[in-house]
Amino acid sequence: MDERIRKLKELVEGSDNIVFFGGAGVSTESGIPDFRSVDGLYHQQYRYPPETILSHTFYKQNPEEFFRFYRSKLLCPGAKPNAAHRKLAELEAREKLKAVITQNIDGLHQAAGSKTVLELHGSTLRNYCERCGKFYPMEAILHGEEIPRCTCGGRIKPDVVLYEEGLDSTTLTDAVRCLTDAELLIIGGTSLSVYPAAGLVHYFRGRNVVVINKTAVGGEADLFIDRPIAETLAQI
């Protein structure tokens with residue numbers, strides 16, 4: 001066994017208050033494309049840059065183009081949890097992991113069985129009418145018209161945080177509380193480049209920080225493992 005994996009296993013077994021902070025790399029092994037890797041969405045060619053399409057202004061002004069991109073690139077109905085999602089759910093069931101804080105919007109942590117999941121950027125599984133507030137599942141967007149409409153005629157909006165929109169205050173408060181109380185923080189599958197979400201890790205006051213990511217990230221880590229996260233967590 002890799003010595004770094006052995007050390008990670010020791011840290012996990014020696015802690016009863018772990019928080020996991022994850023990003024797109026957690027879901028790429030489930031076939032969901034990320035945004036910033038070499039093969040990610042930001043390196044593909046579109047009529048508009050992805051960050052422009054996924055902005056509040058663009059959503060309001062060009063809803064047809066927004067929903068075409070959103071359906072083709074952000075909805076992955078066939079995706080299944082991978083070994084990383086399953087291991088985190090297992091650690092929670094053992095009462096070692098207290099929370100998953102995720103930047104992902106795919107719902108795979110919950111699908112794997114995790115209960116305490118703080119979704120900083122919302123979820124593609126939740127959608128609501130901007131007029132009457134009626135809830136709709138992902139299928140209403142996936143199989144709907146170019147601009148999905150509620151039975152009342154209002155536009156259905158995905159419950160995801162677009163550029164120019166603020167993060168949910170309750171979710172932020174819960175994330176800060178979990179990070180402040182934790183004794184072990186595992187950061188996985190994220191470059192920590194998306195703010196304000198990435199800034200949350202500075203609230204951690206515990207003993208050890210573990211980073212599992214294919215490339216190095218900013219900040220100090222007590223243990224850095226530059227390997228795929230599902231492969232890594234499956235070994236602990």
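Analysis parameters
Residues numbered from 1 in each chain as written. Predicted model: local features only at pLDDT ≥ 70, side-chain atom pairs only at ≥ 80, totals over all residues. Heavy atoms only, no water. Buried < 20%, exposed > 50% of the residue type's maximum accessible area, 1.4 Å probe, protein only. Helix = DSSP H or I, 4+ residues; strand = E, 2+ residues; numbered from the N terminus. Arc of directions from axis to C-beta. Contact = heavy atoms within 4.5 Å. UniProt positions renumbered as here; feature names shortened; annotations may be inferred. Polar contact = N/O pair within 3.5 Å; in protein donor to acceptor, adjacent residues only side chain to side chain. Pairing = 2+ DSSP bridges. Axes fitted to C-alpha atoms, helices over the stretch in contact; angles between N-to-C directions. Salt bridge = Lys/Arg side-chain N within 4 Å of Asp/Glu carboxyl O.

A few words on helix H1 (residues 3-13). A turn of α-helix holds 3.6 residues, and therefore any two residues three or four places apart point the same way. Looking only at H1, the buried set comprises Ile5, Leu8, Leu11 and Val12. Taken around the axis of H1, the buried residues stretch over an arc of 120°, which confines them to a single face. Elements that come into contact with the buried residues of H1 comprise strand E1 (18-22), helix H6 (83-93), strand E7 (184-188), strand E8 (208-212), strand E9 (223-225) and helix H10 (229-233).

This next bit is on the UniProt feature "active site" (unreviewed entry) in the protein. This chain's UniProt record puts "active site" (unreviewed entry) on His121. The topology assignment puts His121 in the loop between strand E3 (117-119) and strand E4 (122-129). Setting aside residues up to four positions removed in sequence, His121 forms contacts with Thr102, Gln103, Ile105, Asp159, Val160, Val161, Leu167, Val194 and Ala197. A polar atom in the side chain of His121 sits 3.1 Å from the backbone oxygen of Gln103.

It is worth spelling out the sheet that holds strand E5 (residues 135-136) at this point. One open sheet accounts for three strands, arranged E5-E4-E6; its pairing is antiparallel. Here the strands that pair on one side only, and so sit at the sheet edges, are E5 and strand E6 (156-160). The sheet strands contacting helix H5 (residues 63-74) are E4 and E6, and the helix crosses E6 at an angle near 45°.

Here we come to the pairing of E8. Counting buried positions over the five residues of E8 gives four, a clear majority of the element. The pairing of E8 with E9 spans three bridges and is classified as parallel. Looking at the pairing, Ile212 lines up with Ile225 of E9.

Successive side chains on a regular strand alternate, one facing one side of the sheet and the next facing the other. Most of strand E2 (residues 97-102) is tucked away: five of the six residues are buried. Relative to E3, E2 runs parallel, the two sharing three bridges. Residue pairing in the sheet places Val100 in a bridge with Val117 of E3.

This part takes up the environment of Glu90. When you line up the elements, Glu90 lands in helix H6. Expressed as a C-alpha distance, the spacing of Glu90 and Cys150, which sit 60 residues apart in the sequence, is 38 Å.

With that out of the way, let us pick up unusual backbone geometry. In this structure, Glu95 is a non-glycine residue whose phi angle is positive, near 65°. By the element assignment, Glu95 lies in the loop between H6 and E2. Phi is positive for Glu164, which is not a glycine, with a value near 85°.

Right, let's get into the pattern of salt bridges. By the definition in use, this model includes 17 salt bridges. Between Glu119 and Arg126 there is a salt bridge, with its nearest N and O atoms 2.7 Å apart. Note on Glu119: relative accessible area 12%, which makes it buried. On the basis of relative accessibility, which here comes to 30%, the residue Arg126 falls in the partly exposed class. Put simply, Arg155 and Glu130 hold a salt bridge, and the shortest N to O gap is 3.3 Å.

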